[in-house]
Each structure stands twice: as C-alpha cells, then as structure tokens.
Amino acid sequence: MLYLRIKILASVAAAVILVGCTETPKNMGAAVDNDQNVMTGGPITGTTIEDLPQSVKDALKLRVPHAEIASITKSRYDRHAVYEFSFLDADSYPPLYLQDDGNVLPETVMEKK
C-alpha cells in the first residue's frame, strides 16, 4: 500500500514539473504585436516607463504613440533631467530627447554636451 502511494505521489510530482516547464515564455519589455500603445514597450531594467514624469509620458503618447521603445537613458542638461529614447524601428523613429517638463530637445543640443 505504501509503495502505491509513493508511486502515485512521484507521478503527480513529475506531471507538475512537466507542466511548469511547458509554459510559453513571454517577451519582456516589448509591446505585444497587436498593442499599439508606446507606453507598453521599453526596457525592463534601468530607467523604465514607470520612472518617467507624467509630462514625459504625455509627450511620448503625443509624438510617438505607436513606436516601441528599445531603451531609455536619463541624463542632465541645463538643470533638467533629460530622457533619451531609442526605438526598435530606428529608421522610422530617430532618437528622441525629452526634458522632464515634456519639452523636446534637438539632437544637436545633446551631441554638443
């Protein structure tokens, strides 16, 4: 009887392990193919969408509502935090520099820094 219980427990444990291993991995940090919202993309480490001031989030939605963010880099310029955004489709979406108040900085200003 004990042997039967051990055998059943071992079978159940093996089934649980196999089911756990078959979960489909999800891409982290990128928008789902049918999701057309820039706010779902972006990196999962470093500066993230959640770290951005609301004014920057609003500017992103206005300027690049369908772009998928590849990376966000935070720096300082003229007493403002500046967020540099690079996008997965770099041909369609060049780097974007937004101050913490939501204003756009030209790329040439950031290159001189």
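Residues numbered from 1 in each chain as written. Predicted model: local features only at pLDDT ≥ 70, side-chain atom pairs only at ≥ 80, totals over all residues. Heavy atoms only, no water.

Per-residue confidence for the protein chain averages 77 on the pLDDT scale, and 57% of its residues sit at or above 70. Between residues 23-34, whose pLDDT stays under 50, and residues either more than four places distant or in other chains, the model counts 13 contacts. (pLDDT = per-residue confidence, 0-100. Contact = heavy atoms within 4.5 Å.)

Its place among the elements puts histidine 80 in strand β2 (residues 80-87). In this structure, histidine 80 is in contact with Ser75, Gln99, Asp100 and Asp101, ignoring residues within four places of it in sequence. (Helix = DSSP H or I, 4+ residues; strand = E, 2+ residues; numbered from the N terminus.)

With that settled, the discussion passes to helix α2 (residues 54-63). Among all positions of α2, only Val56, Lys57, Ala59 and Leu60 are buried. Looking straight down α2, one finds that the buried residues subtend no more than 160° of arc, so they occupy a single side. For α2, the elements touching its buried residues are β1 (69-77), β2 and β3 (96-99). (Buried < 20%, exposed > 50% of the residue type's maximum accessible area, 1.4 Å probe, protein only. Arc of directions from axis to C-beta.)

This paragraph deals with the nonpolar core. Leu52, Leu60 and Phe85 are the most contacted members of the largest nonpolar core, which totals 15 residues. If you list the elements that add at least two residues to this core, you get α2, β1, β2 and β3. It is β2 that provides the largest number of residues to this core, a total of 4 residues. (Core = buried A, V, L, I, M, F, W, Y, C linked by side-chain atoms within 4.5 Å.)

Note: β1 against β2, 8 bridges, orientation antiparallel. Residue pairing across strands places serine 71 opposite serine 86, the latter belonging to β2. With 4 bridges joining them, β2 and β3 adopt antiparallel strand pairing. Directly across from tyrosine 83, in β3, lies its bridge partner leucine 98. (Pairing = 2+ DSSP bridges.)

We now examine the packing of aromatic side chains. Taken as a whole and assessed by the stated rule, the structure comprises 1 aromatic pair. Relative to tyrosine 93, the ring of phenylalanine 87 has its centre 5.8 Å away and its plane inclined at 55°; by these criteria the two rings are tilted. (Phe/Tyr/Trp six-rings, centres within 6.5 Å; stacked < 30°, edge-to-face > 60°.)

The next subject is the environment of arginine 76. Structurally, arginine 76 can be placed in strand β1. Using a relative accessible area of 52% as the deciding quantity, one classes arginine 76 as exposed. For the pair arginine 76 and glutamine 99, spaced 23 residues apart in the sequence, the C-alpha separation amounts to 8.8 Å. One polar contact links the side chain of arginine 76 to the main-chain carbonyl oxygen of arginine 79, over a distance of 3.3 Å. (Polar contact = N/O pair within 3.5 Å; in protein donor to acceptor, adjacent residues only side chain to side chain.)

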